[in-house]
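Residues per chain are reported as follows:
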Amino acid sequence: METFEAILLGIVQGITEFLPVSSSGHLQIAKAVLGVELENNLTFDVLLHTATVLSTLVVLWGEVWKLLKGLFSRHFNAEQAYILKLIISMIPIGIVGLLFKEQLDALLNTSWILVVVGVMLLVTALLLAFAYYAQPREKETISYRDAFIIGLGQAVAALPGLSRSGTTIATGLLLGNRKTVVAQFSFLMVLAPILGETLLSALDGEFSTGIGTAPLVAGFLAAFITGSLACKFMIEIVKRGKLIWFAIYCALAGIVSLVSYFFQ
């Protein structure tokens, strides 16, 4: 993989991470368009996700700092309860990461990955459309039960093409939570799993496997810079925008992915 290709992939990741359109799916489509083949797709994808997670941390630092300050209170408070809900939501994806990491990496390296991406993008479109037309109850606070169910949605969204943010936001809306509440929870709940996966990959020395240092650094910086510029804007779009437009886009992207595989 050339450095320029890594930069383009980083830009794709930085833009699509904050929209319910599946950044992982778009990464696979972009790789196919660019003709990029990697020995360790999952490692590179995790690194790009880490860059956008860090940009999320920068943009949402006010909320994160508030949670950290509340964490060290001697009395159980709203911040500690919120952190506990975030931890609960991370349990399913942690289990998936421990048990199915090799299978997910193998899936990314299959010749028919665009079929998986296309089908999952269509599923994302259905989820978003269903959440858009569902009658909201507008709950102000995410419950512990809802946090775990939203976490299950995030775990299922480990499949490439199934949007993590789209799945978690749609799940939260279908459970009756407000869009603004679910959007913030969705972006915060991914911080620890991605950073933890990156740390484990670094300790295992996986970032030096099959990918040069220059493309890794270039891709990381491109995703971080693009993500930092786009994050706040994209979060507002998710909060205020009509999910049906994202559903239409995912449906079209899914069709393009399937057509590009069967007619290449």
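For the structure, check the block above.
Below is a summary of the structure that appears in this document. The numbers attached to residues start from 1 for each chain and follow its sequence in the written order. Where local features are concerned, this predicted model is filtered to residues with pLDDT of at least 70; where side-chain atom pairs are given and counted, the filter is 80 or more; whole-chain, interface and lining totals use all residues. Water and hydrogen atoms play no part in the side-chain values, which are based on all heavy atoms of the structure.

### A word on the overall build of the chain
Point 1. Here a strand is any run of E in DSSP of at least two residues, a helix any run of H or I of at least four, and the numbering for each starts at the N terminus. Each helix and strand counted, the chain has 12 helices and 0 strands in total.
Point 2. N-terminal to C-terminal, the α/β element order of the chain is α-α-α-α-α-α-α-α-α-α-α-α.
Point 3. Counting all 264 residues of the chain, 53% fall into the buried class.
Point 4. Contacts between residues were defined by any pair of non-hydrogen atoms, one from each residue, lying within 4.5 Å. Once local pairs closer than 6 in sequence are excluded, the contacts in the chain between residues at least 24 apart make up 81%.
Point 5. Exposure was quantified through the Shrake-Rupley algorithm and a 1.4 Å probe, taking into account, for residues, occlusion by the shown protein chains and nothing else. Per element, the accessible surface of the chain, about 12,600 Å² overall, is 70% carbon and sulfur. Exposure is judged per residue with a 1.4 Å probe applied to protein chains only, and the accessible area is read against the type maximum: over 50% gives exposed, under 20% gives buried, and values in between give partly exposed.

### Points about the packing of helix H5 (residues 78-108) against helix H7 (residues 144-156)
Point 1. Put simply, H5 and H7 touch, their axes get as near as 8 Å, and they point 30° apart. The angle between H5 and H7 places the two elements in the roughly parallel class. The handedness of the crossing between H5 and H7 comes out as right-handed. Along the contact surface, H5 presents Ala-81, Leu-84, Lys-85, Ile-88, Ser-89, Pro-92, Ile-93 and Val-96, while H7 presents Tyr-144, Ala-147, Phe-148, Gly-151, Leu-152, Gln-154 and Ala-155.
Point 2. Taken together, the residues that form the contact of H5 with H7 break down as 11 nonpolar, 3 polar and 1 charged. Axis lines are fitted through C-alpha atoms, for helices just across the contact stretch, and the angle between N-to-C directions can take any value from 0 to 180 degrees. When an angle is under 35 degrees it counts as roughly parallel; over 145 it counts as roughly antiparallel; between 65 and 115 it counts as roughly perpendicular; any other value is oblique. Working rule for handedness: look at the near helix, and if it is turned counterclockwise from the far one by less than a right angle, call the crossing left-handed; if clockwise, right-handed. Polar here means any residue other than Ala, Val, Leu, Ile, Met, Phe, Trp, Tyr, Cys and Pro, which are nonpolar, and Asp, Glu, Lys and Arg, which are charged; Gly is therefore polar.

### Focus on the nonpolar core
Point 1. Ile-113, Leu-121, Leu-128, Leu-243, Phe-246 and Cys-250 are the most contacted members of the largest nonpolar core, which totals 27 residues.
Point 2. Taken together, the elements giving at least two residues each to this core come down to H5, helix H6 (113-133), helix H8 (164-174) and helix H12 (243-262).
Point 3. Considering each element in turn, this core owes the most residues, 10 residues, to H6.
Point 4. Dropping the residues within four chain positions of it, Leu-243 is found in contact with Pro-20, Leu-128, Ala-131, Tyr-132 and Leu-173.
Point 5. Take the buried residues of types Ala, Val, Leu, Ile, Met, Phe, Trp, Tyr and Cys, join any two whose side-chain atoms come within 4.5 Å, and each joined set is a nonpolar core. In this structure, Ile-150, Phe-185, Leu-188 and Leu-191 belong to the second largest nonpolar core, which totals 22 residues.

### Focus on unusual backbone geometry
Negative phi characterises most residues that are not glycine, and trans characterises most peptide bonds.
Point 1. For Ser-22, which is not glycine, the phi torsion reads 70° and is therefore positive.
Point 2. Within the fold, Ser-22 resides in the loop between helix H1 (3-16) and helix H2 (23-34).

### Focus on helix H4 (residues 61-71)
Point 1. Inspection of H4 places Val-64, Leu-67 and Gly-70 among the buried residues, and these make up the whole buried set. Buried positions in H4, seen along its axis, are confined to an arc of 130° and lie on one side of it. H4 presents Gly-62, Lys-66 and Lys-69 as exposed residues on the side facing more than 90 degrees away from its buried surface. The arc in question is traced by the directions running from the helix axis to the C-beta atoms.

### Things to note about the packing of H7 against H8
Two packed helices can be described by the angle between their axes and the distance between those axes.
Point 1. Orientation of H7 relative to H8, taken along the N-to-C sense of each, is 155°, at an axis distance of 8 Å. The angle between the axes of H7 and H8 places the two elements in the roughly antiparallel class. Handedness of the crossing formed by H7 with H8: right-handed. When H7 is examined against H8, the residues Ile-149, Ile-150, Gly-153 and Gln-154 are found in contact with a partner set consisting of Arg-164, Thr-167, Thr-168, Thr-171 and Gly-172.

Without other data, these values stay purely geometric and don't point to any function.
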